[in-house]
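What follows is each chain in one-letter form.
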Amino acid sequence: MERAAALKEGVVSALVYPVILLVVAVASVLILVIFVVPQFKQIFDQAGKALRMLVHEKRLALLTVRDQRRADAAAIGELTGEDAWVYEQGTRPGVFVAADGDNVIGFVSVRDAGGGLALITDPKLLGSYCGRNLELWMIERSATYAETNGYHTAHVAASPILDGYRRELEDRLWHREEVEGNATYVRRFRDLDANHDDE
């Protein structure tokens, strides 16, 4: 009997600390739910627009710049005003789309101008996606394509939108120059003078 009483007393004393922890944890959660969370709700209600922007910007993780697919033809035609038939024939080298999930929201392409020069078209984006640096992302994807396919220089026509990103373009080694009387952003992948010195 004494042994059973001692065992019971040992079990009870061993359970005191976990019970205290459980009570403190439940009390902490209740205090947070009753007092703290309503304060955050008031802050978010007062900043309704900022909260919508926060939720909207979280969607950016779904955006991609990828190779054009046959299924993108109609959307490319709408963005560019070009005949969609060309893009329905299959994937075209140097043609890229910006996509939000499966929806095409932008278009850019690289065209061969001869002599190792790649011409990057002015990026086209749906209006609601403009001004979010997606133009830079699209130009960089095009420049990567041009460089890996042996071009020594890439040009993209300067535009008011790109001029707004001039500093970011310069950080990515693009330089604004006059080319044949037109303002153009130029990126050189290889120094032509260095190639002539090697020969």
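See the structure shown above.
Residue indices begin from 1 for each chain and proceed along its sequence in written order. Confidence filtering applies because this is a predicted model: local features only for residues at pLDDT of at least 70, side-chain atom pairs given and counted only at 80 or more, and all residues used for totals across whole chains, interfaces and linings. Side-chain descriptors were evaluated using all non-hydrogen atoms of the structure, hydrogens and water having been removed beforehand.

A separate point is the layout of surface pockets. A 1.4 Å probe that fits but cannot get out identifies a cavity on a 1 Å grid over protein atoms alone, an open set with protein on both sides within 12 Å along at least five of seven lines counts as a pocket, and a residue lines either if it has an atom within 4 Å of a point. Grid points are joined across faces, edges and corners, and a volume is the space filled by probe spheres set on the points. In this structure, the largest pocket encloses a volume near 230 Å³. Taken together, the residues of the lining of the largest pocket sort by class into 7 nonpolar, 4 polar and 3 charged. Throughout, the ten residues Ala, Val, Leu, Ile, Met, Phe, Trp, Tyr, Cys and Pro are labelled nonpolar, Asp, Glu, Lys and Arg are labelled charged, and all others, Gly among them, are labelled polar.

This paragraph deals with the packing of aromatic side chains. When the centres of two rings from Phe, Tyr and Trp lie within 6.5 Å, Trp using its six-membered ring, the rings pair. Their planes under 30 degrees apart give stacked, over 60 give edge-to-face, and anything left gives tilted. A complete count under the given rule lists 2 aromatic pairs for this structure. Relative to tyrosine 145, the ring of phenylalanine 96 lies with its centre 5.6 Å away and its plane at 70°, an arrangement referred to as edge-to-face. Here tyrosine 145 lies in helix H5 (residues 134–148) and phenylalanine 96 lies in strand S2 (residues 95–100), a separation of 49 residues in the sequence. For the pair phenylalanine 96 and tyrosine 145, a shared accessibility class is recorded, and that class is buried. Put simply, DSSP marks the helices as runs of H or I at least four residues long and the strands as runs of E at least two long, and each gets a number from the N terminus on. Three exposure classes are used, based on accessible area relative to the maximum for each residue type with a 1.4 Å probe and protein chains only: buried under 20%, partly exposed in between, and exposed over 50%.

Attention now goes to the pattern of salt bridges. Salt bridge, as used here, is a side-chain nitrogen of Lys or Arg placed within 4 Å of a carboxyl oxygen of Asp or Glu. If you walk through the whole model with that rule in mind, you get 7 salt bridges. With a closest N to O distance of 3.5 Å, aspartate 67 and arginine 141 form a salt bridge. In this pair, aspartate 67 sits in strand S1 (residues 63–67) while arginine 141 sits in helix H5, placing the two residues 74 residues apart along the sequence. As a salt-bridge pair, aspartate 163 and arginine 176 come within 3.0 Å of each other at their nearest N and O atoms. Here the residue aspartate 163 occupies a position in helix H6 (residues 160–163), and arginine 176 occupies one in strand S7 (residues 175–179), the gap between them amounting to 13 residues. Classification of arginine 176 by relative accessible area gives partly exposed; the value is 31%.

Tracing the backbone through its elements, the reader meets valine 86 in helix H4 (residues 85–88). A sequence separation of 16 residues divides valine 86 from arginine 70, and the C-alpha atoms of the two residues are 9.4 Å apart.

Here the focus is helix H3 (residues 73–80). When H3 is considered as a whole, its buried residues turn out to be Ala73, Ile76, Gly77, Leu79 and Thr80. Taken end-on, H3 shows its buried residues confined to a sector of 165°, consistent with a single buried face. When checking whether two residues touch, look at their non-hydrogen atoms; a contact exists if any pair is within 4.5 Å. Check the buried side of H3 and you find it contacts H4, S2, strand S3 (103–112) and strand S5 (124–125). Backbone geometry just after H3 places glycine 81 at a positive phi near 80°. This arc is taken over the directions from the axis of the helix to the C-beta atoms.

A cluster of nonpolar side chains, namely Leu22, Val26, Val29, Leu30, Ile31, Leu32, Val33, Ile34, Phe35, Val36, Phe40 and Ile43, defines an oily patch on the protein surface of about 1,100 Å² accessible area. For phenylalanine 35, the position within the fold is in helix H1 (residues 2–46). Exposure remark for phenylalanine 35: the relative accessible area of 55% places this residue in the exposed category. Put simply, a patch holds well-exposed residues, over 30% relative accessible area, that have no salt bridge, with like charges counted together within 9 Å and Val, Leu, Ile, Met, Phe, Trp or Tyr side chains within 5 Å. The protein chains shown are the only cover counted for residues, whose accessible areas, like all others here, come from Shrake-Rupley with a 1.4 Å probe.

On to the nonpolar core. The set of buried Ala, Val, Leu, Ile, Met, Phe, Trp, Tyr and Cys residues whose side-chain atoms join them within 4.5 Å is what this entry labels a nonpolar core. Counting 27 residues, the largest nonpolar core has Ile105, Val110, Ile120, Leu125, Val156 and Trp174 as the members making the most contacts within it. Of all the secondary-structure elements, those providing two or more residues to this core are S1, S2, S3, strand S4 (117–120), H5 and strand S6 (153–157). When near neighbours in sequence (up to four residues on either side) are disregarded, valine 156 contacts Ile120, Thr121, Ile139, Leu162, Trp174, Thr184 and Tyr185. Formed by 9 residues, the second largest nonpolar core is a distinct cluster that contains Ile76, Val95, Val104 and Phe107.

Take the pairing of S2 next. By the criterion of burial, S2 is predominantly enclosed, with 6 of the 6 residues buried. Residues Val95, Val97 and Ala99 line one face of S2 and the alternating positions Phe96, Ala98 and Asp100 line the opposite face, and both faces are buried. Sheet topology note: the S1/S2 ladder contains 5 bridges and is antiparallel. By the bridge assignment for S2, valine 65 is matched with alanine 98. Strands are labelled as partners when DSSP assigns at least two bridges between them. Direction of pairing for S2 relative to S3: antiparallel, over a ladder of 6 bridges. Each bridged residue has a counterpart across the sheet, and for valine 97 the counterpart in S3 is phenylalanine 107. Taking the residues that link successive antiparallel strands as the turn, the S2-S3 hairpin has 2 residues, and the phi of glycine 101 there is positive, at about 70°.

Limitation: the analysis is restricted to geometry and does not speak to function.
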